Amino acid sequence: MKRLLKGRLSFIFLFAMLTLILSGCGEPFLSTLQPAGEVARTQYDLMLLSVVIMVGVIIVVTAIFLIVLFKFRRKDESIPKQVEGSHKLEIIWTVIPILLLLVLAVPTVKATFDLADVSPMEETNEDGKTDVTTVNVRANLYWWEFEYPNEEIITSQELVVPTDERVYFNLIASDVKHSFWIPAVGGKMDTNTDNVNKFWLSFDGDKAGEMEDNIFYGKCAELCGPSHALMDFKVRAIPRDQFDQWVGNMQSVTEPVAAESATAQQGQEIFNNSCIGCHAVTPANTTPEAARMAPNLTNFGDREHIIGYLENNEENIKKWLNDPESLKPGNKMTDTYGDLSDEEIDALTQYLTGLKVQD
């Protein structure tokens, strides 16, 4: 018995130490344990409440176990007093779990309804638009499209949102089920092919200011294919005035940005011959959804990352253009264009890096 008790106590101690150590792991831009928005804080508080209840139950049960083990250890052959059929005990151990469930259920149910309230995005003004920031998210194998219906612009791979206000999302998928998740800002929600899911998130301005370049990381949280783990996107959370400026810059692009250098002009020609059929380089949302077959590249040069997870620099762009399958297996860009020479890849890279809407 002593050996068993010692083993259990050692396990509990080890588990507690691992919990303490691992709780410090994770980057703030990708950690659910460092909430950076109203939704994330609500979910984090519910998680803490459930942990407190569970730990409390464990402590009480362990204490009772130890009391019974040492205080009521059998010393002779006499039979201890029997409590079978005790109405008092049966009421106690029935009522206590019910109370604990109520303590957890009431705030959980309230939060569920609060977080599911997307009524503001359903209300339209006289222009037929909503008075709240709305983003239509479309998940594809293996990239993300972000459409801003009120602003009538589209971008991809890098979601830009205003801080300290609610941002409402319509979620759908083009091919298979995916799941939209920004860990530091709120829980995940599926993107389905046959229905639109809706929810809202808010991005804390102070927390965003602590991130490098105000960037949070987003991920696909539903196994969708060989490059599921690489289906990342980035979220740039900026103050409202900067967001409005970004929107204005995007809306000002009505024609493809003209290449300046001779090499970039060569790259633009290659792009127009090989890439324009799938990739748009203007942000207007006039193209039917079915025709938007690949990421919109209007502000490609402004983005921090390419293909979701690689730093945006010339070396990585050239690697991607040369062999996209090696960097993101199963992507739909592979084998859609002929082999490019090193000179053509250099020209195309220079053209792509010049696609910017910000100075």
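Residues numbered from 1 in each chain as written. Predicted model: local features only at pLDDT ≥ 70, side-chain atom pairs only at ≥ 80, totals over all residues. Heavy atoms only, no water.

Our next topic: the pattern of salt bridges. Inspection of the entire model under this criterion finds 17 salt bridges. The residue K129 makes a salt bridge to E152 at a minimum N-O spacing of 3.8 Å. Of the two residues, K129 is situated in the loop between α3 (87-115) and β1 (133-140) and E152 in the loop between β2 (143-148) and β3 (153-156); the sequence distance between them amounts to 23 residues. Looking at K129, the relative accessible area reads 28%, which means it is partly exposed. Assessed through its relative accessible area of 44%, E152 is described here as partly exposed. Residue R236 pairs with E304 through a salt bridge whose shortest N-O separation is 3.5 Å. Placement of the pair is R236 in strand β10 (residues 232-238) and E304 in the loop between α6 (262-274) and β11 (305-306), with a sequence separation of 68 residues. Relative accessible area serves as the criterion here: at 26%, E304 is assigned to the partly exposed category. (Salt bridge = Lys/Arg side-chain N within 4 Å of Asp/Glu carboxyl O. Helix = DSSP H or I, 4+ residues; strand = E, 2+ residues; numbered from the N terminus. Buried < 20%, exposed > 50% of the residue type's maximum accessible area, 1.4 Å probe, protein only.)

Attention shifts here to helix α5 (residues 240-251). Because an α-helix packs 3.6 residues into every turn, residues spaced three or four apart end up facing the same way. With 12 residues, α5 extends 16 Å between its outermost C-alpha atoms, agreeing within 8% with the 16 Å of an ideal straight helix rising 1.5 Å per residue. When we look at burial in α5, the residues that qualify are F243, W246, V247 and M250. Viewed along the axis of α5, the buried residues span an arc of 100 degrees, placing them on a single side of the element. Exposed residues pointing more than 90 degrees away from the buried face of α5 are listed as D241 and Q245. Looking at the buried positions of α5, the neighbouring elements they touch are β1, β2, β3, β4 (158-162) and β10. (Expected span 1.5 Å × (residues − 1). Arc of directions from axis to C-beta. Contact = heavy atoms within 4.5 Å.)

Sites flagged by UniProt as "transmembrane region" (unreviewed entry) map to residues 48-70 and 91-109. When the span residues 48-70 is considered, its composition is 100% helix and 0% strand, and the gap between its end C-alpha atoms is 33 Å. Here residues 91-109 is 100% helix and 0% strand, with 26 Å between the C-alpha atoms at its ends. (UniProt positions renumbered as here; feature names shortened; annotations may be inferred.)

Okay, the nonpolar core next. Taken as a class, soluble globular proteins show a tendency for nonpolar side chains to be buried jointly. One finds L159, F169, F180, I182, F203 and F216 to be the most contacted residues of the largest nonpolar core, which totals 45 residues. Take this core: its biggest share by element is 5 residues, from strand β5 (residues 166-173). Counting 22 residues, the second largest nonpolar core, distinct from the first, contains A264, F271, L348 and L355. (Core = buried A, V, L, I, M, F, W, Y, C linked by side-chain atoms within 4.5 Å.)

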